[in-house]
Amino acid sequence: LMLAPLAVSRQHEREAKKFGIEARVVRSPDELQAGVNVCNYEVLHRFKPAGLGGLILDESSIIKSFTGKTTRALMAFGEHIPFRLACTATPAPNDHMELGQHSQFLGAMASSEMLSRWFIADQRDMGRYRLKRYAVESFWSWVASWTRCISKPSDLGYSDEGVVLPELVLTH
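Nothing here was measured: the structure is a model prediction, and the numbers come from that model. (Residues numbered from 1 in each chain as written. Predicted model: local features only at pLDDT ≥ 70, side-chain atom pairs only at ≥ 80, totals over all residues. Heavy atoms only, no water.)

### Quick word on the nonpolar core
Item 1. Ranked by size, the top nonpolar core spans 18 residues in total, and within it Leu-1, Leu-3, Leu-55, Leu-57 and Phe-77 carry the most contacts.
Item 2. The set of elements that each furnish at least two residues to this core consists of β4 (54–58) and α2 (69–78).
Item 3. A total of 3 residues in this core trace back to one element, the largest contributor, which is α2.
Item 4. The residues contacting Phe-77, other than those within four sequence positions of it, are Leu-1, Leu-44, Phe-47, Lys-48, Pro-49, Leu-52 and Leu-55.
Item 5. The next biggest cluster of nonpolar side chains, apart from the first, holds 12 residues, and it includes Met-109, Leu-115, Trp-118 and Trp-142. (Core = buried A, V, L, I, M, F, W, Y, C linked by side-chain atoms within 4.5 Å. Buried < 20%, exposed > 50% of the residue type's maximum accessible area, 1.4 Å probe, protein only. Helix = DSSP H or I, 4+ residues; strand = E, 2+ residues; numbered from the N terminus. Contact = heavy atoms within 4.5 Å.)

Written as structure tokens, this is what we have:
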């Protein structure tokens, strides 16, 4: 089951056909078939996770809110689904809380455990956490163990022809 924002489900259905993948937009569990089924986040409450082999979140920053209703629903829904993929074109590498939420959704580590292992509460900014100085390398090694960043088609073995990306500028 692939979950997508309201106006995007049909686009995923069309894109899948371009690659020879059968995908269908569904609005209820009785429409589910083998293969890729795409629905909007707004109808998730109609579905049950039992029997699903995989769950994909498009625009996965929807799970950013630590205590949000949608985040809690998605965490619970996906908890026992064996294969989970969270996709975003706008990752927030400086938003450690969002990384923790993704970690929890994907089953890598609970967000609260991540915070207690590598972070300290920032006394200058209530509700924020700071990465412990000695933990920087360990934290980013752990993040790299369960995440993947793809910046162009050749990262997946496809041609970059027709893809123009701006020059990458790294700031330390």
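Once you've had a look at it, read on.
### What about the layout of surface pockets?
Item 1. Roughly 1900 Å³ of volume is contained in the largest pocket.
Item 2. For the largest pocket, the lining is made up of 44 residues, of which Ala-86, Cys-87, Thr-88, Arg-148 and Ile-150 are closest to its centre.
Item 3. Breaking the lining of the largest pocket down by element, the ones donating at least two residues are α1 (9–18), β3 (36–40), β4, β5 (83–87), α3 (96–106) and α5 (136–146).
Item 4. Per element, the largest residue contribution to the lining of the largest pocket is 5 residues, and it comes from α1.
Item 5. Classifying every residue of the lining of the largest pocket gives 29 nonpolar, 7 polar and 8 charged.
Item 6. Of the voids in this model, the second largest pocket is the one considered here, and its volume is about 160 Å³. (1 Å grid on protein atoms, 1.4 Å probe; cavity = no way out; pocket = protein on both sides within 12 Å on 5 of 7 lines; lining within 4 Å. Points joined across faces, edges and corners; volume = space filled by probe spheres on them. Nonpolar A, V, L, I, M, F, W, Y, C, P; charged D, E, K, R; others polar.)

### Describing the packing of α2 against α3
Item 1. With their axes 9 Å apart at the nearest point, α2 and α3 run at an angle of 30° to one another. Classified by the interaxial angle, the pair formed by α2 and α3 is roughly parallel. On α3, the residues touching Thr-71, Leu-74 and Met-75 of α2 are Gln-101, Gln-104 and Phe-105.
Item 2. Here the contact of α2 with α3 is built from residues that sort into 3 nonpolar, 3 polar and no charged. (Axes fitted to C-alpha atoms, helices over the stretch in contact; angles between N-to-C directions. Parallel < 35°, antiparallel > 145°, perpendicular 65-115°, else oblique.)

### Notes on a nonpolar patch on the surface
Item 1. Taken together, Ile-150, Leu-156 and Tyr-158 make up a surface patch of nonpolar side chains, about 340 Å² in accessible area.
Item 2. Along the polypeptide, Leu-156 turns up in the segment after α5. (Patch = residues over 30% accessible without salt bridge, like charges linked within 9 Å, V, L, I, M, F, W, Y side chains within 5 Å. Areas by Shrake-Rupley, 256 points an atom, 1.4 Å probe, with all protein chains shown as cover. Salt bridge = Lys/Arg side-chain N within 4 Å of Asp/Glu carboxyl O.)

### A word on the pattern of salt bridges
Item 1. In the structure shown here, the tally under the stated rule is 6 salt bridges.
Item 2. For the salt bridge of Glu-13 with Arg-10, the shortest nitrogen-to-oxygen distance reads 3.0 Å. In this pair, Glu-13 and Arg-10 both sit in helix α1, 3 residues apart, roughly one turn of the helix.
Item 3. Judged by relative accessible area, which is 13%, Glu-13 ranks as buried.
Item 4. We classify Arg-10 as partly exposed; its relative accessible area is 48%.
Item 5. One salt bridge connects Arg-24 with Glu-22, and the closest N-O pair in it is separated by 3.1 Å.
Item 6. Looking at Arg-24, the relative accessible area reads 10%, which means it is buried.
Item 7. A relative accessible area of 57% means that Glu-22 is categorised as exposed.

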